[in-house]
Amino acid sequence: MAAAEADSCLQSFELYEAESKFYILGTNTDKTLWRLLTIDRMEPSELNVDEDSTVHSQSDCLDLLKVLDEDHRSTGGVKFVTNCFGIIGFIKFLGPYYMLIITEQRKIGDIFGHPVYQVTKTAMIELSNSKTKPQLINSKDENRYKKLLQTIDLRKDFFFSHSYHIMRSFQKNFSDPKEGWELYDTMFVWNEFLTRGIRNILKTTLWTVALVYGFFKQDKLAICGKDIMLTLIARRSRHYAGTRYLKRGVNAEGRVANDVETEQIVYEDMLGPRQISSVVQNRGSIPLFWSQETSKLNLKPDIILHEKDKNYEATRLHFENLRKRYGNPIIILNLIKTREKRPREIILRREFDRAIKIINSGLPGEDHLRFLHWDLHKNSQSKSTNALQVLLKVAFEALNLTEFFYYQVSPAQRTEDYLNLSATLKNGFGPHVCDDNNNCGNADYVDDLDDISQDNTCGSSDPGNGIAKDSSEVNGSAQIKPLKFQKGVLRTNCIDCLDRTNVAQYAYGLAALGHQLHALGSLESPEVHLDSPLSRHLMHFYERMGDTLALQYGGSAAHNKIFSAKRGHLKFAIQSQEFFRTLQRYYSNAYMDAYKQAAINLFLGYFEPQVGKPALWEPESGDEHVLDDDTSKLMKRARSDGSILNKSKTSMSSKGPNGMLNSAFTGSKKEGQYPNQSSDSMHGMSSTSDSVSKLRYTPTPSHVKHISCELDYCNGSGDSNFLDLDWLSASDNERSKAISTPDVNIPTDNAVDDVSSGTTDDQTIDIQAQGLSKDFVQWVNQGEAFWY
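Residues numbered from 1 in each chain as written. Predicted model: local features only at pLDDT ≥ 70, side-chain atom pairs only at ≥ 80, totals over all residues. Heavy atoms only, no water.

Under an unreviewed UniProt entry, the name given to the chain is SAC domain-containing protein, and the organism recorded is Urochloa decumbens. According to the UniProt record, the Subcellular location (unreviewed entry) comment for the chain reads "Vacuole membrane". (UniProt positions renumbered as here; feature names shortened; annotations may be inferred.)

In structure tokens form, the structure reads like this:
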């Protein structure tokens, strides 16, 4: 095997130390090829690393260790420290550099046979030694920075792959291959800053892992005798990342808060993958300059719209970035309120609408932003509207415009060495020379969804439908289906891009799943019942994703009232759950977020400590959010044991409370983009019934509602240039079939609106036990609301 192949697959490492140097030996899966990295310890305030260009065999490696031990015999020789699975990066505060490494990993899935891992243990290694350490600053500030970094729990929601470019969508990996340095420069690699030093020196990414922060879940579905692998990935941007009230809207570079790319991958799980499909959607904060002041008394702080970008330049930059990443069209689904007694959300709704129309007025028609402003809160309360049904209509129309990625491996490629797809996939993640490492075995990554694999979801929606005939087999001869690309993206937002947004993303994911399985030949038609087993399985995926992203950004699990009601949960149980999630989110936002934001800024390199300069927690530091002593004391109690990095040479304990890292950033001038194919004319959908009878909806171009809209308002309200709102809300019976779902008329805005007499006595006691103010208890008893 060539040295280049070994380089691309180093995934197991051994760390050794001598008085003056650290040595890292890296090897491939079967430990036949080894490389050596040397880290100097004599100048620990500077990062000095050197890579030996020689490729060693295992026997050579043993001889090399003996030679190194002899060289350091006078100072105690060379000692083994720990096994590890890659370098997270290097960081310094006011004294020496620290090396951050992964000491344990857990397999959580794979993509085309390429393992995906979650970080389970890490270690923090100080580069200084006994001689150089006394010369360094060992102040309270140094220790405080280390403790601050420890609040970031890398064991929670960080994942990576040694052999697959997990920070990029499958379509980007296929159509716009990147290698090495460029991969770390994408918006979804959270340790880009931490690895920048070693990458600048070595000009390689051989020794580091690229960490993605967000959500990863995978399971195998049995559909008509076929094993179908379903994977859901959420990637948080590292640009403008932070916590809920401390990162809102857009920054001057066009980066938005809580920017998350969601990818849904479906492929046949068989010896030699035959077909694969993926689809991507996006969520992100409303791209205007706006904010909310964190308050310990007011649970619904006012929304403040800042008038510093009258020409909407930052908004333009944001959508230009989306277009570079995904192509045209950009479809905006805005779910915030259109009616309020006290104007809050509608302030942003009107300004966002104005910004979109002004931007469109300066763009050619093919580049126009497609938008739909649809009040999910109001419509979910309406007895005449089925919110999920309407969202499915929108999803089908969006899919008609953007389509999705589909690729079929040719029969010539389906050999025993089926993963040797590098020539076809163009990006080198083909030859499977990086198998699952022997420390992980066949780890269980199903995550308590055993019932999915037991259900045999067959056909399309109706039980009578048999499996669709594999269209790759026609008249006994193999026919290759044409390659398809996604062009453009659906961007969904509410106020927080958490609760309402997640419901809409589920609807889009369900519509896409039907199309994907239909393309794979597993369903006769692309429609899936909302009350089918497959729909329930996917709902569980999106519900888990929503909870994870909400914890990261908002401090509590998501408000899942629609999902809970869909499963038939009791109204009181739903109210109780939503109430305590409201309480948890309020507490996190008011008391914990400043500390979490500071830790994120430190981890991502947005604040770099310097000797003689104000510390991060000092007002003079220039940091946007200064920590106070009370916040520091709270976080000291809340921090998990060794949650991110443990100074000891042994790996961190896997025990401890859930981590509390929040945020999202990511983006880069070097990001790959989807093929920017010219968008077709407006694809259409048929008129359909909104009734809740067990019907099925199929889009057809025969009932298209074409809409042309420049700067003026469409339909009198200006709510859409994407769909006809009268058609969207229509309840006629023009077709006899539509997607069915029980009517879910549950408020999606206020977590405790339905508690008519305030809280129960037990809830009041629980609130008081938190040590919260009497004003807050009174506020809760008045039945106010917190969820947007």
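Here's the deal with the packing of helix α13 (residues 499-519) against helix α14 (residues 533-554)
For the pair α13 and α14, interaxial distance at closest approach is 10 Å and the crossing angle is 140 degrees. In this view, α13 runs oblique relative to α14, as classed from their interaxial angle. Here α13 runs over α14; the crossing is right-handed. Contacts from N502, Q505, Y506, G509, L510, L513 and L517 in α13 reach L534, S535, L538, M539, Y542, E543, M545 and G546 in α14. The class makeup of the residues in the contact of α13 with α14 is nine nonpolar, five polar and one charged. (Axes fitted to C-alpha atoms, helices over the stretch in contact; angles between N-to-C directions. Helix = DSSP H or I, 4+ residues; strand = E, 2+ residues; numbered from the N terminus. Parallel < 35°, antiparallel > 145°, perpendicular 65-115°, else oblique. Left-handed = near helix turned anticlockwise from the far one by under 90°. Contact = heavy atoms within 4.5 Å. Nonpolar A, V, L, I, M, F, W, Y, C, P; charged D, E, K, R; others polar.)

A short note on the environment of S161
Along the chain, S161 falls in the loop between β9 (158-160) and α4 (170-175). A relative accessible area of 13% means that S161 is categorised as buried. When the C-alpha atoms of S161 and Q118 are compared, they prove to be 8.8 Å apart, with 43 residues separating the residues in sequence. Contact partners of S161, with chain neighbours within four places excluded, come to P115, V116 and I166. A polar side-chain atom of S161 sits 3.4 Å from the main-chain amide nitrogen of S163. A polar side-chain atom of S161 sits 3.0 Å from the main-chain amide nitrogen of Y164. (Buried < 20%, exposed > 50% of the residue type's maximum accessible area, 1.4 Å probe, protein only. Polar contact = N/O pair within 3.5 Å; in protein donor to acceptor, adjacent residues only side chain to side chain.)

Examining the nonpolar core
Core analysis: the largest hydrophobic core is formed by 80 residues, its most contacted members being L372, W374, L391 and L728. Each residue touching L372, except ones within four places of it in the same chain, is listed here: I332, L333, N334, V394, D719, S720, F722, L723, L725 and L728. Listed in part, the 36 residues of the second largest apolar core include Y98, V119, Y595 and F607. (Core = buried A, V, L, I, M, F, W, Y, C linked by side-chain atoms within 4.5 Å.)

Here's the deal with the environment of R255
Counting through the fold element by element, R255 comes out in the loop between β11 (226-236) and β12 (260-268). Classification of R255 by relative accessible area gives buried; the value is 14%. Residues R255 and L317, 62 residues apart in the sequence, show an inter-C-alpha distance of 8.0 Å.

Here we look at the sheet that holds strand β4 (residues 49-56)
Strands sit in the order β4-β3-β2-β1-β5 across an open sheet of five strands; the sheet is antiparallel. The open sheet is flanked by β4 and β5 (79-84), the only strands paired with a single partner. The mean inter-strand angle of the sheet, taken between neighbouring strand axes irrespective of direction, is 20 degrees. For strand β1 (residues 12-17) and β5, the ladder comprises five bridges, and the chain directions are antiparallel. Looking at β5, one finds that L15 is bridged to T82. (Pairing = 2+ DSSP bridges.)

Side note on the pairing of strand β10 (residues 212-223)
Burial runs high along β10: 11 of the 12 residues are buried. Note: β9 against β10, two bridges, orientation antiparallel. Bridge pairing in β10 places F159 opposite V212. Sheet topology places β10 next to β11; 10 bridges connect them, and they run antiparallel.

Some thoughts on helix α10 (residues 387-402)
With 16 residues, α10 should cover 22 Å at 1.5 Å per step; its first-to-last C-alpha distance of 22 Å lies within 8% of that length. Burial of α10 is extensive: 16 of the 16 residues sit out of reach of the surface. One or two steps after α10, the chain reaches E403, where phi turns positive at roughly 55 degrees. (Expected span 1.5 Å × (residues − 1).)

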